[in-house]
Amino acid sequence: MPHTDCEPPDTSPVSWPSNLNDWFWQLRHRITTVGQLEKIINLTVEEKRAIQYSNKIFKMAITPYFASLLSKDDPNCPLRKQCIPSLQEFKTNINEMSDPCGEEEDSPVPGLIHRYPDRVLLLATDTCATYCRHCTRRRIVGSSETRMSTANFHQAVNYIKEHKEIRDVLISGGDPLLLSDEKLEYFLKTLRSIETIEVIRIGTRAPVTLPQRITEKLCSMLKKYQPLYISIHFNHPKEITAESKKACNLLSDSGIPLGSQSVLLKGINDKPQIIMTLMHELLKIRVRPYYIYQCDLAKGTSHFRTNISAGIKIIDSLRGHTTGYAVPTYVIDAPGGGGKVPIGPEYLISKSKSGVIIKNYEGKMFVYPENGKPFTQEEIDKANRQFSFVKK
Ligand SMILES: *Cc1c(COP(=O)(O)O)cnc(C)c1O
């Protein structure tokens, strides 16, 4: 892959025991200590200290599979920075919050967030295979490593049944694919039995951090609960390996449409060329880019945060320059619970009774007349002034 910041990983499982393809084995052997990680990569003094203290704020856990993708010597490896704690996490910026998207306030019953009129978010577990250091839900994720209790699930189900306007349930966490097939099926079957539910979605990072989880058995179970959509958290082209590709193929072949959600992360993927490569690689494995998130204001994540203008520039570099399917929506999840707000380059230069003046991807101006009323010279001059302002 051309645009990577550290040497390519050795993913060939030549010397791996056969049970490496077993997801239970991967979970049982998650790396959680300096001693275990040191056997695989050369840690810096800073990384070691951060790992030692990380349990106090947000635990470290890395699957052996994901660890095999990390650069052995480069602490700036884009995958290394996503899963190895940094001392920077111990600093809280004044804008940061424990619940940056105001989820607690929109939670009518435990584990359920009802923000938008017709859809809800269900937090099915607080466990992940590998904990992302940029996690927005680090206030709860990983703390107890438990799944939603049956009592809480039924409270959520009752709420959904009582609110007939809800037609879409997004199961997230934590990572819902860390539930057993049986538990997950129980959740899906129960939700599917609610007449008003049209669409079920799962948000996961399993194809990236635990691709072994995507088994044929899992897929034939998921297949029964269509329409089911899966959104996968991919952040860097190096995460697309033979294993993750196979996992995505199995899901797609089961008729499950796949989308991606990426977080813009400083020094990891905040360059147009890296995102362009990632989007192209995703389309090649039948994953349709869905969202790119501005990094939420979660406590201890300021070292990951890019400027909004970097995000706008990335979208500007995609739209029109490549396949429309490769262009995700860049969103800010509004602090305090406003929901996802799309932001991006400005294509509408001006709007008047005569119509609109627009900018294309090459930066050329075009006039789209409406109402059969010609644009006045004054309107065009004004648009030109605004245009030179937008261009800056
Ligand atoms: C992201 C999110 C959703 C789903 O939003 P879509 O734009 O429909 O993908 C629903 N509820 C909450 C609380 C969310 O954060």
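1. Things to note about the overall build of the protein
Working step 1: Tallying secondary structure elements over the protein gives 13 helices and twelve strands in all.
Working step 2: Against the 2.2 N^0.38 benchmark of 21 Å for 392 residues, the protein shows a C-alpha radius of gyration of 22 Å, consistent with a compact globule.
Working step 3: For the protein, the C-alpha atoms occupy an extent of roughly 75 × 55 × 45 Å along the three principal directions.
Working step 4: Every one of the 392 residues in the protein was classed for burial, and the buried ones make up 51%.
Working step 5: For the protein, the proportion of contacts with a sequence separation of at least 24, taken over those separated by at least 6, is 74%.
Working step 6: Of the roughly 18,200 Å² that the protein leaves accessible, carbon and sulfur atoms contribute 53%.

2. Quick word on helix H10 (residues 242-253)
Working step 1: Compared with the 16 Å implied by 1.5 Å per residue over twelve residues, the 16 Å span of H10 between its first and last C-alpha is a close match.
Working step 2: Those residues of H10 lying buried are Glu243, Ser244, Ala247, Cys248, Leu251 and Ser252.
Working step 3: Phi turns positive, to about 85°, at glycine 255, one or two residues after H10.

3. So, the sheet that holds strand S10 (residues 348-352)
Working step 1: The sheet built from three strands is open, its strands ordered S10-S11-S12 with antiparallel pairing. Of all strands in the sheet, those bounded by a partner on one side alone are S10 and strand S12 (365-369). Pairs of neighbouring strands in the sheet enclose a mean axial angle of 15°, with direction left out of account.

4. Thoughts on the pairing of strand S11 (residues 355-359)
Working step 1: Burial of S11 is extensive: four of the five residues sit out of reach of the surface.
Working step 2: Here S10 folds back onto S11 in antiparallel fashion, the turn holding two residues.
Working step 3: In this sheet, S12 lies alongside S11 in antiparallel orientation, the contact comprising five bridges. Directly across from glycine 355, in S12, lies its bridge partner proline 369.
Working step 4: The antiparallel pairing of S11 with S12 creates a hairpin that spans five residues between the two strands, and glycine 363 there sits at a positive phi of about 85°.

5. Considerations on the sheet that holds strand S5 (residues 228-233)
Working step 1: With respect to topology, nine strands assemble into an open sheet ordered S1-S2-S3-S4-S5-S6-S7-S8-S9, the strand pairing being mixed. The open sheet has two edge strands, strand S1 (112-116) and strand S9 (339-342), and neither has a second partner. Pairwise comparison of adjacent strand axes, ignoring direction, gives a mean angle of 30° for this sheet.
Working step 2: Bridge analysis of strand S6 (residues 258-263) against strand S7 (residues 287-293) gives six bridges, and the strand direction is parallel. Residue pairing across strands places serine 262 opposite isoleucine 292, the latter belonging to S7.
Working step 3: Against the sheet, H10 engages S5, S6 and S7, with an angle of about 140° to S6.
Working step 4: Of the strands in this sheet, S6 and S7 touch helix H11 (residues 272-284), which is tilted by about 145° from S7.

6. Describing the site of the ligand
Working step 1: Near the ligand you find Ile113, Arg115, Tyr116, Arg119, Leu121, Leu170, Arg201, Tyr290, Tyr291 and Lys340, and these make up its full shell.
Working step 2: In this structure, arginine 119 approaches the ligand through a side-chain N or O atom, which is 2.7 Å from an oxygen atom.
Working step 3: Taking lysine 340, its side chain carries an N or O atom lying 3.0 Å from an oxygen atom of the ligand.
Working step 4: Contact with the protein chains hides 91% of the accessible area of the ligand, taken as 390 Å² for the molecule alone.

7. Things to note about the packing of H11 against helix H12 (residues 308-318)
Axes are the key here: two packed helices are described by the angle between their axes and the distance separating the axes.
Working step 1: Contact geometry for H11 and H12: axes closest at 9 Å, N-to-C directions at 55°. With respect to H12, the axis of H11 lies oblique. The hand of the H11/H12 crossing is right-handed. Where H11 abuts H12, its residues Pro272, Ile275, Met276 and Met279 lie against Ile314, Ser317 and Leu318.

8. A few points about the nonpolar core
Working step 1: Among the nonpolar cores identified, the biggest contains 74 residues, and Leu191, Leu222 and Phe234 are the most heavily contacted of them.
Working step 2: There are two domains that each give this core at least three residues, and those are domain 1 (23-88) and domain 2 (104-342).
Working step 3: In contact with phenylalanine 234, not counting residues within four places along its chain, are Val208, Glu239, Ile240, Ser244, Cys248, Gln261, Ser262, Leu278, Leu282, Ile285 and Val287.
Working step 4: Grouped together as the second largest cluster of nonpolar side chains are eight residues, Ile268, Tyr291, Cys295 and Phe304 included.

9. As for the packing of aromatic side chains
Working step 1: Considering all chains together, one arrives at seven aromatic pairs under this definition.
Working step 2: For the pair tryptophan 23 and phenylalanine 24, a centre-to-centre distance of 4.4 Å together with 25° between the ring planes defines the contact as stacked.
Working step 3: Taken together, a centroid distance of 6.0 Å and an interplanar angle of 55° make the contact between phenylalanine 153 and tyrosine 186 tilted. Taken as a pair, phenylalanine 153 in helix H6 (residues 150-162) and tyrosine 186 in helix H7 (residues 181-192) lie far apart in primary sequence, 33 residues in all.
Working step 4: Given a relative accessible area of 0%, phenylalanine 153 falls into the buried group.
Working step 5: In this arrangement the basic side chain of arginine 119 is found over the ring face of tyrosine 116, its NZ or CZ atom lying 4.0 Å from the centre.
Working step 6: When the ring centre of tryptophan 23 is taken as origin, the NZ or CZ atom of arginine 213, which lies over that ring, is 3.9 Å away.

10. Considerations on the domain arrangement of the protein
Where interface size is quoted, it is often the accessible area lost as the parts come together.
Working step 1: When its domains are assigned, the protein resolves into domain 1 (23-88), domain 2 (104-342) and domain 3 (348-391).
Working step 2: Just the C-alpha atoms count here: the centres of domain 1 and domain 3 sit 52 Å apart.

11. Quick word on unusual backbone geometry
In most cases, non-glycine residues show a negative phi, while peptide bonds are predominantly trans.
Working step 1: Following glycine 173, the chain continues to glycine 174 via a peptide bond in cis, the omega torsion being 20°.
Working step 2: Secondary-structure assignment places glycine 174 in the loop between strand S3 (168-172) and H7.
Working step 3: Unlike most non-glycine residues, arginine 286 shows phi in positive territory, near 65°.
Working step 4: Turning to its location among the elements, arginine 286 is positioned in the loop between H11 and S7.
Working step 5: When its relative accessible area of 42% is taken as the criterion, arginine 286 is described as partly exposed.
Working step 6: In this model, asparagine 371 sits at a positive phi of 60°, which is unusual for a non-glycine residue.

Cut-offs and rules
Residues numbered from 1 in each chain as written. Predicted model: local features only at pLDDT ≥ 70, side-chain atom pairs only at ≥ 80, totals over all residues. Heavy atoms only, no water. Helix = DSSP H or I, 4+ residues; strand = E, 2+ residues; numbered from the N terminus. Rg over C-alpha atoms; globule rule 2.2 N^0.38 Å. Buried < 20%, exposed > 50% of the residue type's maximum accessible area, 1.4 Å probe, protein only. Contact = heavy atoms within 4.5 Å. Areas by Shrake-Rupley, 256 points an atom, 1.4 Å probe, with all protein chains shown as cover. Expected span 1.5 Å × (residues − 1). Pairing = 2+ DSSP bridges. Axes fitted to C-alpha atoms, helices over the stretch in contact; angles between N-to-C directions. Near = heavy atom within 4 Å. Polar contact = N/O pair within 3.5 Å; in protein donor to acceptor, adjacent residues only side chain to side chain. Parallel < 35°, antiparallel > 145°, perpendicular 65-115°, else oblique. Left-handed = near helix turned anticlockwise from the far one by under 90°. Core = buried A, V, L, I, M, F, W, Y, C linked by side-chain atoms within 4.5 Å. Domains from an automatic or database assignment. Phe/Tyr/Trp six-rings, centres within 6.5 Å; stacked < 30°, edge-to-face > 60°. Lys NZ or Arg CZ within 6 Å of the ring centre and 35° of its normal.

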